[in-house]
Amino acid sequence: MLKRSTACSLFFTCILTISSFAQEKVDLDMVNRIRYEGFHNSKVMEIASGLMDGIGQRLTGSPNMKRANEWTRDKLADFKLSNAHLEPWGPFGRGWSNEYINVRMVTPDVATLIAYAKAWTPGTSGEVRAQVVRANITGPQDFEKYKGKLEGKIVLNGEDPVVRPSTEPLSSRHDEKSLAGINQYQIPGERNDANAREFAGRARAQRALLKFFEDEKVVALIDHSRGAIGGGTVFVQQGGSYKAGQTSNLTQITLATEHWSRIARLLNQKQNVELALNVKNNLYDDAMTQWDTIAEIPGTDKKDEVVMLGAHLDSWHSGTGATDNGAGTVVMMEAIRILRALEIKPRRTIRIGLWSGEEQGLLGSQWYVMHHFGERPESKDPERKGDPTLLRRENGPVTVKPEQGKVSAYFNVDNGSGKIRGVHLQENARVWPIFEAWMKPFEDLGMNTLTMRNTGGTDHLSFDAVGIPGFQFIQDPLEYDTRTHHSNMDVYDRLQSEDLKQMAVIVATFVYNTAMRDEMLPRKPIEKELPPPPPQDGR
Ligand SMILES: [Zn+2]
């Protein structure tokens, strides 16, 4: 519906679009100034190197996370933003970091292996050598077969990876066809309680599995990276819970697929394989409180009203969190730096939020929204107690605080380093003609698509859940899914400077326009509460 050729095939849409263009003012002088500052005086790669090279991984709860909070706060203060500070939130849980890992095959050959520790698992006490055994245990039905056979062993558990050469390019950009596809709304299916139950069931089975290996006193549990491409890229996340009192006692490691395969082939041939492991992981009990980084450009005649921009600052631990979500972080910092450098006097206050705990369930943004804007009641089910507001629809209606009515919009970037191609409108048709007008000066930068679709998985949902217009941009995928998302290769070199500059300029303009508009951005209704799910036998 958005692409202009098809827009006018619907008479009504055409009229709506044209009349709205006429009404929605676009300050092209400001667009010129923002483009000049963003393209000729950019600091985005300098900020990126400071964060990714200077600080590195930012797992929530790790000392690096706190360092990143402080560094971003100080940097925003250097940009002459007001009120740069850290806002505490909690309770989080335990902190974790990996200090050292070395995994070697010592029998039948000596070889150093590409390996990463899984987050929130313990290390070894110095180097341990043990025999490797193969298992394929998926749940309690398999426990009997392996009981009593795994003590003192290193266990390779799971199916063998299939390693294949990639026949598609690892990096891609949207073309007209893929953007036209995104533009088409997909009508959601019926509520699927069975899916939710299956998800909870899988999580319980996984906990039972880890407990089995712990009880069997295995030396370490090893899995392999996901994906068929391999090539030294290792995707690795957590091996246990970050929650206090639920830490796994099992050393867990993820191997590069090709290195797993070699061991697996030797074991299939009934050869004796021994590994030497040396893993030093640190657990921190002082991580219950975490922080979000906040800073502002104060408004003028409408200073009580706010426009927010943000991104999550936290990352996984094996790379340096460059595309997830260093990219979003540095784009937002650069966007607000541009606006400050131009000495704009916004009507509304512009506020940046850099969130922690996103990877554990939007925790930092969820906390911020809950304490400033609104929330739904918590679940009485202990397993679902920490759920964010967007997953609490069965618990009751949203209650809002007065500040909720003062936030015009929240803009988020969290889909990697690829440039902006449009906006997900989150089913808010009322902003369509406004964003259409704002997007027009960026056609030459490849931005031309709006979609009514919702997109999920990141912090705009925390705002959307309480009725604040929250938007995530459409971005080119580049290598996000194939190489960098939660992998050891999520590093500075995967950032594309021209894409980041494009994003910062567009975000700065959208934020500026939102801050200067006569009216706040129009809203859609808050989602109603859901009836509780039907009771189930044998849960
Ligand atoms: Zn992520």
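Computed from a predicted structure; not experimentally measured.

Novice: Please provide a residue-by-residue account of the pattern of salt bridges, values included.
Specialist: Taken as a whole, this structure holds 33 salt bridges when the rule is applied. With a closest N to O distance of 2.7 Å, Asp-223 and Lys-118 form a salt bridge. Of this pair, Asp-223 sits in strand β7 (residues 220-224) while Lys-118 sits in the loop between β4 (115-117) and β5 (128-135), and the two are 105 residues apart along the sequence. Given a relative accessible area of 22%, Asp-223 falls into the partly exposed group. Note that Arg-347 and Asp-301 form a salt bridge whose closest N and O atoms lie 2.7 Å from each other. One end of the pair, Arg-347, is in the loop between α10 (322-341) and β12 (348-355); the other, Asp-301, is in the loop between β10 (290-297) and β11 (302-312), with 46 residues separating them in the sequence. One network of salt bridges, in which partners are shared, links Lys-25, Asp-301, Arg-347 and Asp-518.

Novice: Explain the packing of aromatic side chains to me, using residue names and the numbers behind them.
Specialist: Under the criterion given, the structure shown has 22 aromatic pairs. Here the aromatic rings of Trp-355 and Tyr-368 are separated by 5.2 Å at their centres, their planes lie at 50 degrees, and the arrangement is tilted. You can see Trp-355 sitting in strand β12 and its partner Tyr-368 sitting in helix α11 (residues 363-372), a full 13 residues away along the chain. Between the aromatic rings of Tyr-410 and Phe-463, the centroid separation amounts to 3.9 Å while the plane-to-plane angle is 5 degrees, which identifies the pairing as stacked. Linking Tyr-410 in strand β15 (residues 407-412) with Phe-463 in helix α13 (residues 460-464), this pair joins segments that are 53 residues apart in sequence. Like Phe-463, Tyr-410 is buried. Lys-66 extends its terminal NZ or CZ atom over the ring of Trp-291, reaching a point 4.3 Å from the ring centre. Its end group placed over the ring of Phe-235, Arg-226 keeps NZ or CZ at 3.7 Å from the ring centre.

Novice: Run through the coordination of the zinc ion, naming residues and quoting values.
Specialist: In ideal tetrahedral geometry, four donors around a metal make angles of 109.5 degrees, whereas ideal octahedral geometry with six donors gives angles of 90 or 180 degrees. Protein coordination at the zinc ion comes from Asp-324 (OD), Glu-359 (OE), Glu-359 (OE) and His-486 (NE2), with a distance range of 1.8 to 2.7 Å. Metal-centred angles of 54 to 142 degrees between the 4 donor atoms at the zinc ion mark the site as irregular. Binding-site remark: the zinc ion is held by donors from one chain whose sequence spacing is D-x34-E-x126-H. Remark: His-486 occurs in the loop between α14 (480-484) and α15 (497-516) and Asp-324 occurs in helix α10; sequence separation between them is 162 residues.

Novice: For unusual backbone geometry, give the residues involved together with the corresponding values.
Specialist: The omega torsion across Gly-90 and Pro-91 is 0 degrees, close enough to zero to call that bond cis. For the peptide bond that leads from Asp-324 to Asn-325, omega is 0 degrees, which places it in the cis range. Tracing the backbone through its elements, the reader meets Asn-325 in helix α10. A positive phi angle is found at Leu-478, which is not glycine, with a value near 45 degrees. Take Leu-478: it is sitting in the loop between β18 (470-475) and α14.

Novice: Lay out the confidence of the model for the chain in plain terms, naming residues and giving numbers.
Specialist: Overall, the prediction assigns the chain a mean pLDDT of 93, with 95% of residues at 70 or greater. Contacts from residues 1-21, a stretch scored under 50 in pLDDT, to residues over four places away or in other chains number 29 contacts.

Novice: Before we move on, could you go through helix α9 (residues 257-268) and cite the residues and values that matter?
Specialist: Here α9 is 12 residues long and its end C-alpha atoms lie 16 Å apart, about the 16 Å a rise of 1.5 Å per residue gives. Considered for burial, the residues of α9 that qualify are Thr-257, Trp-260, Ser-261, Ile-263, Ala-264, Leu-266 and Leu-267. Where α9 terminates, the next one or two residues include Lys-270, which has phi positive at roughly 60 degrees.

Rules used throughout
- Each chain carries its own residue numbering, running from 1 in the written order of its sequence.
- Residue-level local features of this predicted model are given only where pLDDT is at least 70; pairs of side-chain atoms are given and counted only at 80 or more, and the full residue set underlies all totals for whole chains, interfaces and linings.
- Remark: hydrogens and water are excluded; side-chain values derive from all non-hydrogen atoms of the structure.
- By convention in these notes, a salt bridge is any Lys or Arg side-chain nitrogen within 4 Å of a carboxyl oxygen on Asp or Glu.
- Numbering of helices and strands runs from the N terminus, with a helix taken as a DSSP run of H or I at least four residues long and a strand as a DSSP run of E at least two residues long.
- Summary of the burial criterion: residues with accessible area below 20% of their type's maximum are buried, those above 50% are exposed, and those between are partly exposed, where the area comes from a 1.4 Å probe applied to protein chains only.
- Stacked, edge-to-face and tilted labels apply to pairs of Phe, Tyr and Trp rings (six-membered ring for Trp) whose centres lie within 6.5 Å, assigned for plane angles under 30 degrees, over 60, and everything in between, in that order.
- Should the NZ of a Lys or the CZ of an Arg lie within 6 Å of a ring centre and within 35 degrees of the ring normal, that charge is described as sitting over the ring.
- Note: metal donors comprise N, O and S atoms at 2.8 Å or less from the metal (3.2 Å for Na, K and Ca); water molecules are not included, so apparent gaps in a site are possible.
- Every geometry call rests on angle ranges, with four donors termed tetrahedral when all angles are between 85 and 135 degrees, four termed square planar and six termed octahedral when opposite donors are over 155 degrees apart and all others are between 65 and 115, and everything else termed irregular.
- For every residue, the predictor reports its confidence as pLDDT, a number between 0 and 100.
- Note on contacts: a residue pair is in contact if any heavy atoms of the two residues lie within 4.5 Å.
- To estimate how far a helix should extend, the number of its residues minus one is multiplied by 1.5 Å.

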